Amino acid sequence: MPKISVDLSDEELDRVNKHAKSLGISTRALAKQLLINDADRARFLSAARIALPTALDAVKDAPEGLR
């Protein structure tokens, strides 16, 4: 399985470890979750930007309260 290495200062690593512990997960699981969530968020926003003009065009003639 591919791996990613990240250089953190001792203070940064301590903060990340404490945060992961407060969530009840490992630091590795937190890092994976954050990376995947951010990639998924970016993909969703990109698709939404593409779909928005089509959606707005589809409702342009609808009454004001239904847009």
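In the block above lies the structure referred to throughout.
It should be emphasised that the depicted structure is a prediction, and the values quoted were computed from it without experimental measurement.

Here is what the cut-offs are and how they apply
- Residues numbered from 1 in each chain as written.
- Predicted model: local features only at pLDDT ≥ 70, side-chain atom pairs only at ≥ 80, totals over all residues.
- Heavy atoms only, no water.
- 1 Å grid on protein atoms, 1.4 Å probe; cavity = no way out; pocket = protein on both sides within 12 Å on 5 of 7 lines; lining within 4 Å.
- Points joined across faces, edges and corners; volume = space filled by probe spheres on them.
- Helix = DSSP H or I, 4+ residues; strand = E, 2+ residues; numbered from the N terminus.
- Nonpolar A, V, L, I, M, F, W, Y, C, P; charged D, E, K, R; others polar.
- Salt bridge = Lys/Arg side-chain N within 4 Å of Asp/Glu carboxyl O.
- Buried < 20%, exposed > 50% of the residue type's maximum accessible area, 1.4 Å probe, protein only.

Engineer: So, the layout of surface pockets: which residues are in play, and what are the values?
Structural biologist: Estimated volume of the largest pocket: approximately 750 Å³. Lining the largest pocket are 17 residues, with I4, R28, A31, K32 and L35 sitting closest to its centre. Secondary structure elements with two or more residues in the lining of the largest pocket: α1 (10-23) and α2 (27-58). At 9 residues, the largest contribution of residues to the lining of the largest pocket is made by α2. Among the residues making up the lining of the largest pocket, the classes are represented as 13 nonpolar, 1 polar and 3 charged.

Engineer: I'd like a rundown of the pattern of salt bridges, residues and numbers included.
Structural biologist: In the structure shown here, the tally under the stated rule is 4 salt bridges. K60 is the salt-bridge partner of D57, the closest N and O atoms lying 2.8 Å from each other. By relative accessible area, D57 is classed as partly exposed at 45%. The partly exposed category is assigned to K60, whose relative accessible area is 49%.

Engineer: Requested: an account of the environment of L45, with residues and values cited.
Structural biologist: Residue placement: L45 occurs in helix α2. In the structure, L45 is positioned 12 residues away from D57 in sequence and 19 Å away in space, judged by C-alpha atoms.

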